[in-house]
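# A look at the structure
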Amino acid sequence: MSIDPSSSDARPSSLSRFADVLRNDTVGGFLLIAAAILGIIWINSPFAASYEGLRSLTFGPSALHLDLSLEVWAADGLLAIFFFVVGNELKQEFVNGELRNPRRAMLPIVAAVCGMVVPAAIYVAINFGSPETINGWGIPMATDIAFAIAILAVVGRWLPPSLRTFLLTLAIVDDLGAVIVIAVFYTSDINFLSLLAAAAGLAVFWYLQRGRGVAAKLNASPVPNWIVYIPLALVIWFLVHESGVHATIAGVAMGLLMRTRALPGEKQSPSHGVEHVLRPWSAGLALPIFAFFSAGVVIDDFGAIVSDRASLGIIAGLVIGKVIGIAGGSWVTTKVTRAELNPSLRWIDIVGMSQLAGIGFTVSLLISELSFADDPVHLAHAKTGVLAASLIATLLATVVLGARSRHYRKLMLALGDQEQGKAS
């Protein structure tokens, strides 16, 4: 049993129209930003205790180690939906879109690696000889893909779609790199048996879509597909979470394993069908709730962070290091390899996008807690540094990408006038 969302046999309901609105990246971006602002205001208001009480509210089966707080459910559970959508979209780009060309696919991957190494190196340089803060070198490595994509959607409506693809690829590689860094350097215990079981679950997920005749029989069955796939996805998510690896990686992995080509008799591929269903849930529910809880950072005395080497290293790493690493690494890569920049983009676009990658937020805050678990003073300054760096990066990226968006808008309007002139 399948549902064709493109069917026009019936007039769309109010719910369908609302879902279509949520599929717009700009609308989703505004919802995420509004939720984040609400979280920041609430935690820094006289009602901060109620906010802390809400996000620390715990529920879930303790026997499965899933008695988690609302904040963790949002970051590990709901955000996995967003990462599934992103991984699925990236798979479509690798198979049918921009990233089919290996010379272009290589560039954001190398840029992501450089965008992790350079910020970490800047942090180490600033904190060299400071044993109490040097352990925070991993904090400025991470890019918050949810916030970065949201800001790009809001300020860059007229930017070439290839820039969004570049950012998506870069941010996915960045997140995978951050998870590896956390697992190797900031986690003392990884459950490899759970990780192996999750890999087996992913293999089953892949086979159900591509096994000879299996996918066709599953689609032809009177039992809806989701009755099979949703329990399997939940098991995979649980196993990744149980392994000690950030559970959102389960969403990325399943998204990248989606089949993007339709079988005979299918009106659309599973990849496109699931994206159509899940994108409104991701933009309208998962991301705003995640942003609301993640943005709850108490704004410490900004004057104090100027003298704290940890916070200075974080700000310099995210604001300066990301640009040098991503834009500089991309440019050097095109000079020494066969990698190439999409012809629709200019290097100033990459600079603006690189600044956007300086939004650290969630993973940076997580690594801050792991780095300074026994040092509340440096932890407070590190979190404030992440917040300050993310704000600075957002403002700088808004200036650059906003100007570039207006530039591309003028080009498109001029091109439209030319086409009208030819037609007349």
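So, a few notes on the structure that sits alongside this text. (Residues numbered from 1 in each chain as written. Predicted model: local features only at pLDDT ≥ 70, side-chain atom pairs only at ≥ 80, totals over all residues. Heavy atoms only, no water.)

Right, let's talk about the overall build of the protein chain for a bit. Within the protein chain, the secondary structure is distributed over 17 helices and two strands. For a compact globule of 424 residues, the expected C-alpha radius of gyration is about 22 Å, and the protein chain comes in at 22 Å, within 12% of that figure. Reported as C-alpha extents along the three principal axes, the dimensions of the protein chain are approximately 65 × 65 × 45 Å. Per-residue burial over the protein chain gives 50% buried out of 424 residues. Restricting to contacts in the protein chain with at least 6 residues of sequence separation, those with at least 24 account for 79%. For the protein chain, the exposed surface amounts to about 20,100 Å²; the carbon and sulfur share of it is 69%. A distance of 14 Å separates the average location of the 28 positive side-chain charges in the protein chain from that of its 29 negative side-chain charges. (Helix = DSSP H or I, 4+ residues; strand = E, 2+ residues; numbered from the N terminus. Rg over C-alpha atoms; globule rule 2.2 N^0.38 Å. Buried < 20%, exposed > 50% of the residue type's maximum accessible area, 1.4 Å probe, protein only. Contact = heavy atoms within 4.5 Å. Areas by Shrake-Rupley, 256 points an atom, 1.4 Å probe, with all protein chains shown as cover. Lys, Arg positive; Asp, Glu negative; His and termini not counted. Charge placed at Lys NZ, Arg CZ, Asp CG, Glu CD.)

Moving on, we get to the nonpolar core. Membership of the largest hydrophobic core comes to 83 residues, with the highest contact counts inside it found for Ile-145 and Leu-356. With 11 residues, helix H7 (residues 161-186) is the single largest residue contributor to this core. Listed in part, the 24 residues of the second largest apolar core include Phe-84, Ile-190, Leu-239 and Met-254. (Core = buried A, V, L, I, M, F, W, Y, C linked by side-chain atoms within 4.5 Å.)

This part takes up a nonpolar patch on the surface. On the surface, a nonpolar cluster with roughly 430 Å² of combined accessible area is contributed by Trp-226, Ile-227, Ile-230 and Leu-234. In this fold, Ile-230 is placed in helix H10 (residues 226-243). (Patch = residues over 30% accessible without salt bridge, like charges linked within 9 Å, V, L, I, M, F, W, Y side chains within 5 Å. Salt bridge = Lys/Arg side-chain N within 4 Å of Asp/Glu carboxyl O.)

Here we take up the pattern of salt bridges. Inspection of every chain in the model, using the stated rule, returns 11 salt bridges. Of the charged contacts, one joins Glu-340 and Arg-103 as a salt bridge, the two residues approaching to 3.4 Å between their closest N and O atoms. Remark: Arg-103 occurs in helix H5 (residues 102-127) and Glu-340 occurs in the loop between helix H14 (309-336) and helix H15 (347-356); sequence separation between them is 237 residues. Given a relative accessible area of 23%, Glu-340 falls into the partly exposed group. Notably, a salt bridge pairs Asp-174 with Lys-322, separated by 2.9 Å at the nearest N-O pair.

Okay, the side chain of Glu-93 next. Position of Glu-93 among the secondary structure elements: in helix H4 (residues 70-96). Although Glu-93 is buried, it makes no salt bridge; Arg-164 carries the closest opposite charge, 6.7 Å away.

Before going further, it helps to examine helix H8 (residues 192-210). Spanning 19 residues, H8 covers 27 Å between terminal C-alpha atoms, matching the ideal 27 Å at 1.5 Å per step. Along H8, the residues that are buried comprise Ser-194, Ala-198, Gly-201, Leu-202, Phe-205, Leu-208 and Gln-209. Down the axis of H8, the buried side of the element spans an arc of 120°, and every buried residue falls inside it. In H8, the exposed residues that point more than 90 degrees away from the buried face are Phe-192, Leu-193 and Leu-196. (Expected span 1.5 Å × (residues − 1). Arc of directions from axis to C-beta.)

In this section: the packing of H4 against helix H11 (residues 248-256). In contact at an axis separation of 7 Å, H4 and H11 are set at 25° when each is read in the N-to-C sense. As summarised for this structure, H4 and H11 are arranged roughly parallel, according to the angle between their axes. The element H4 and its partner H11 pack so that their crossing is right-handed. Residues Ala-75, Asp-76, Leu-79, Ala-80, Phe-83, Phe-84, Gly-87, Asn-88, Leu-90 and Lys-91 of H4 form the contact with H11, whose own contacting residues are Thr-248, Gly-251, Val-252, Met-254, Gly-255 and Leu-256. A per-class count over the contact of H4 with H11 returns nine nonpolar, five polar and two charged. (Axes fitted to C-alpha atoms, helices over the stretch in contact; angles between N-to-C directions. Parallel < 35°, antiparallel > 145°, perpendicular 65-115°, else oblique. Left-handed = near helix turned anticlockwise from the far one by under 90°. Nonpolar A, V, L, I, M, F, W, Y, C, P; charged D, E, K, R; others polar.)

Attention now goes to unusual backbone geometry. If you check the backbone angles, His-65 has positive phi at about 60° while not being a glycine. Position of His-65 relative to the elements: it lies in the loop between strand E1 (58-59) and strand E2 (68-69).

Within the fold, Gly-360 resides in the loop between H15 and helix H16 (361-371). Accessibility expressed as a relative area gives 0% for Gly-360, which makes it buried. Along the backbone, Gly-360 and Thr-165 are 195 residues apart, and their C-alpha atoms lie at a distance of 19 Å.

For helix H2 (residues 25-43), which comprises 19 residues, the first-to-last C-alpha distance of 27 Å matches the rise-based estimate of 27 Å (1.5 Å per residue) to within 8%. Taken as a whole, H2 has its buried residues at Gly-28, Gly-29, Leu-32, Ala-35, Ala-36, Gly-39 and Ile-43. Along the axis of H2, the buried positions cluster into a sector of 135°, meaning they face one direction only. Elements that come into contact with the buried residues of H2 comprise helix H3 (48-55), helix H6 (145-155) and helix H12 (270-294).

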